Amino acid sequence: MLKIYNVHLTKRLQQIFSQPLILASIATVSLISGSFGGNSQVVAQTLNVNNTEVTNYAKAVLGMEPVRQQAFEEIKKLIGSKDIPQVICNDSTSVNALPGKAKDIAVNYCNHSQKIVEDSGLSVERFNKITLEIQNNNNLKRQLYNTLLRLQKASPSKTSK
């Protein structure tokens, strides 16, 4: 399962990245990473992440962004003007806090996002470890940013694969 670490990562990355699509993609990282769950402990040592993993990670993030946006919009329509609660896919309490059909949308989002990560060539566990490392490693954060830009420039309409 995914686990979402969106509050701290999103705020820090919003300060770093100003381009809307990149920002949305990075926000997806924060949302998705937390939703795949597992252990939320920060690893004390630096994680070695190779270029292929960074590219696969970026592809996963870009693939998840449209799914996240669609789910958010659908839930927003159902809930109305209320604030949409944070969805943590491995936390049944956060999903159960959503009313009726919004729960189904959240579960579908979580399942689809997990499949995107796995289809990108990363395990959910590895994706989460990379996400935690990005939060603490400015060089890796910069490398991800550059990879996201490169992928978007190379294929602006089809960045998920």
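Here, the structure is the one placed above.
These numbers were taken from a predicted model, which means no experiment stands behind them.

**Digging into helix H3 (residues 51-79)**
Link 1 in the chain: Given a rise of 1.5 Å per residue, 29 residues ought to cover 42 Å, and the 41 Å separating the end C-alpha atoms of H3 matches this to within 8%.
Link 2 in the chain: Two or three places before Thr52, at the opening of H3, Asn50 has a side-chain oxygen 3.0 Å from that residue's backbone nitrogen.
Link 3 in the chain: Just downstream of H3, Gly80 is the residue with a positive phi angle, here 85 degrees.

**Quick look at the packing of helix H6 (residues 124-136) against helix H7 (residues 138-154)**
Link 1 in the chain: Two elements in contact, H6 and H7, have axes whose closest approach is 6 Å; the angle formed by their N-to-C orientations is 110 degrees. Taken together, the axes of H6 and H7 are roughly perpendicular relative to one another. Viewed along their axes, H6 and H7 form a crossing whose handedness is left-handed. Between H6, through Ile130, Glu133, Ile134, Gln135 and Asn136, and H7, the contact on the second element is made entirely by Asn138, Leu140, Lys141 and Leu144.
Link 2 in the chain: When the residues that make up the contact of H6 with H7 are grouped by side-chain class, the tally is 4 nonpolar, 3 polar and 2 charged.

**Some remarks on the environment of Ala58**
Link 1 in the chain: Structurally, the position occupied by Ala58 is in helix H3.
Link 2 in the chain: It is 9.9 Å that separates the C-alpha atoms of Ala58 and Arg150, two residues lying 92 residues apart in sequence.
Link 3 in the chain: Setting aside chain neighbours within four positions, we find Ala58 in contact with Leu144, Thr147, Leu148 and Leu151.

About the criteria used
- Residues numbered from 1 in each chain as written.
- Predicted model: local features only at pLDDT ≥ 70, side-chain atom pairs only at ≥ 80, totals over all residues.
- Heavy atoms only, no water.
- Helix = DSSP H or I, 4+ residues; strand = E, 2+ residues; numbered from the N terminus.
- Expected span 1.5 Å × (residues − 1).
- Polar contact = N/O pair within 3.5 Å; in protein donor to acceptor, adjacent residues only side chain to side chain.
- Axes fitted to C-alpha atoms, helices over the stretch in contact; angles between N-to-C directions.
- Parallel < 35°, antiparallel > 145°, perpendicular 65-115°, else oblique.
- Left-handed = near helix turned anticlockwise from the far one by under 90°.
- Contact = heavy atoms within 4.5 Å.
- Nonpolar A, V, L, I, M, F, W, Y, C, P; charged D, E, K, R; others polar.

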